Amino acid sequence: MNMNSLVLNNIQNSNYFKYQLYELHTYHQVIEEITRKVKHLEPWEKGSRKTAGQTGMCGGVRGVGAGGVVSSAYCLLYKLFVLKITRNQINSMINHKHSYVRGLAFLFLRYTQHPSTFWDWLDPYLDDEEEIDPRAGGGRPITIGEMCEQLLTRLDWYTTLFPRIPVVIMKEIEKKIEDRKAAIAEENQYNQQAPDTREGRYEDHREGSYRREDDSRAGAVRGEDNSRAGSLRQEEGRREGSNRPAEDRRVESLRRDEPRSREASRDRPDRDRRDDRSDSRRDGSSDLKRDDRSDSRRDDRSDSRRDDRSDSRRDGSSDLKRDDRSDVRRDDRSDLRRDDRSDVRRDDRFDKDKRDDRDRRDDRREGRRDDRDPVKDDRDRDSKREDRDYQKRKKYRLRLCVDTTA
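Residues numbered from 1 in each chain as written. Predicted model: local features only at pLDDT ≥ 70, side-chain atom pairs only at ≥ 80, totals over all residues. Heavy atoms only, no water.

Caption draft 1: Fine view of the pattern of salt bridges. Summed over the entire model, instances satisfying the criterion amount to 6 salt bridges. Among the ionic pairs, Glu130 bridges to Arg102, the shortest N-O distance being 2.4 Å. On the criterion of sequence distance, the pair formed by Glu130 in the loop between helix 7 (118–122) and strand 1 (131–132) and Arg102 in helix 6 (residues 99–112) is long-range, its members being 28 residues apart. What makes Glu130 partly exposed here is its relative accessible area of 25%. Within this structure, Arg102, Asp128 and Glu130 form a network of salt bridges that share partners. (Salt bridge = Lys/Arg side-chain N within 4 Å of Asp/Glu carboxyl O. Helix = DSSP H or I, 4+ residues; strand = E, 2+ residues; numbered from the N terminus. Buried < 20%, exposed > 50% of the residue type's maximum accessible area, 1.4 Å probe, protein only.)

Set out below in structure tokens:
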């Protein structure tokens, strides 16, 4: 816990922390103790610390010197740190009904959390109007919002110091507080305006809305009148046309169509020629397109056949290579096995001679030869000698055979 060393040493050496708080093992027990014991939020009890006449490094703000009796609030604050409370428990402390429980929660955040998270924790409570008296002996109550603002902007807290906040984060916090105060001042200025100006604005707004409604209604009426007039004209024209005699209407239609028919008859041969040319061109272009398509298909088929042949050749060559590799590996493995077997046999022969020599040495050391029958020992010795000579002759023959074969 990033607390002043003098305050921390007094907490750890106090009888209240060592004996009474030692028996508290749960979060709820500590909260109940806070509601019963805490009466202020200063680090020292009233009248226990004498700072009059101290200057420089021995000043009261520095937190060094003789010290005093540490308060129960700071002992319980350190007890919360020892218990390692969770985020949910901190939120429950912040929203507790007891003001000193909330104050200790804010102090705990100031001492333990990273400075970049201070604004997120304390911003929702800057407008809190609940009163709390953090001074020992009382007489200087403040709101929870003012206390949160002091924790964000000031380093000193009743003859002790909070952990320092980096300059970059401190500038961001100050800017956010200024913007927040400016927004609150603008809102208060709007709310404190004269009621007659508000009523005048409301009347102007209402008259403007009435005018807009009247204009929209007049436009709708005009549109309806125009549509009605157009429909009446259409009906009159239809009636006039139906009242004319059928013969007059047929003559007029013939007169209208006569020049068009003459022009059509003149242009008919030219039009037929153009159609024939366009048809021939279309047929030629279509034949060319078909030939191109057939050629492209043939080329694709031939290319695909070539690809298949090349793939099959590649596959065959790759298969042969694989077979050759596998055969070589098998031959190598079989040769290795044979060599291993021959080496094992040779090692077994030499090991047998070594074992015999070892047995003889052991017999001599232990004195077993005295316990045995000398005649039997001579026989055994002769038999072993014969076996050894036989084995030597046999090895010699094997070596000769190997040299002749090589």
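Having seen it, we continue.
Caption draft 2: Region of the structure containing a negative patch on the surface. The grouping of Asp356, Asp359, Asp362, Asp380, Asp382, Glu386, Asp387 and Asp389 at the surface amounts to a negative patch. Of all the secondary-structure elements, those providing two or more residues to the negative patch are helix 11 (246–366) and helix 13 (374–405). Along the chain, Asp359 falls in helix 11. The exposure class of Asp359 is partly exposed, given its relative accessible area of 41%. (Patch = residues over 30% accessible without salt bridge, like charges linked within 9 Å, V, L, I, M, F, W, Y side chains within 5 Å. Areas by Shrake-Rupley, 256 points an atom, 1.4 Å probe, with all protein chains shown as cover. Lys, Arg positive; Asp, Glu negative; His and termini not counted. Charge placed at Lys NZ, Arg CZ, Asp CG, Glu CD.)

Caption draft 3: Broad picture of helix 6. The end-to-end C-alpha distance of helix 6, which contains 14 residues, comes to 20 Å, matching closely the 20 Å that a straight helix rising 1.5 Å per residue would cover. With 13 of 14 residues buried, helix 6 lies mostly within the body of the structure. (Expected span 1.5 Å × (residues − 1).)

Caption draft 4: Region of interest: a positive patch on the surface. A contiguous patch of positive charge on the surface is contributed by Lys352, Lys354, Arg355, Arg358, Arg361, Arg364 and Lys394. Take the positive patch: its biggest share by element is 6 residues, from helix 11. Looking at the element boundaries, Arg364 is found in helix 11.

Caption draft 5: Representation of empty space enclosed by the protein. Enumeration over the complete set of coordinates arrives at 1 cavity of 30 Å³ or more. Taken as a whole, the largest cavity spans an internal volume of roughly 30 Å³. As for the largest cavity, its lining consists of Phe106, Leu109, Arg110, Phe118, Trp121, Leu122 and Leu151. For the lining of the largest cavity, the secondary structure elements donating two or more residues are helix 6 and helix 7. Of the residues that constitute the lining of the largest cavity, the class distribution is 6 nonpolar, no polar and 1 charged. (1 Å grid on protein atoms, 1.4 Å probe; cavity = no way out; pocket = protein on both sides within 12 Å on 5 of 7 lines; lining within 4 Å. Points joined across faces, edges and corners; volume = space filled by probe spheres on them. Nonpolar A, V, L, I, M, F, W, Y, C, P; charged D, E, K, R; others polar.)

Caption draft 6: Inspection of the side chain of Ser72 at higher detail. Inspection of the secondary structure assignment puts Ser72 in helix 4 (residues 72–83). Those residues in contact with Ser72 that lie beyond four places of it in its chain are Tyr16, Lys37, Val38 and Glu45. (Contact = heavy atoms within 4.5 Å.)

Caption draft 7: Highlighting the nonpolar core. Core analysis: the largest hydrophobic core is formed by 57 residues, its most contacted members being Ile11, Ile34, Leu41, Tyr74, Phe106, Leu107 and Met147. The biggest single contributor to this core is helix 6, with 9 residues. Those residues in contact with Ile11 that sit more than four places away from it in its chain are Met3, Phe17, Val70, Tyr74, Cys75 and Tyr78. (Core = buried A, V, L, I, M, F, W, Y, C linked by side-chain atoms within 4.5 Å.)

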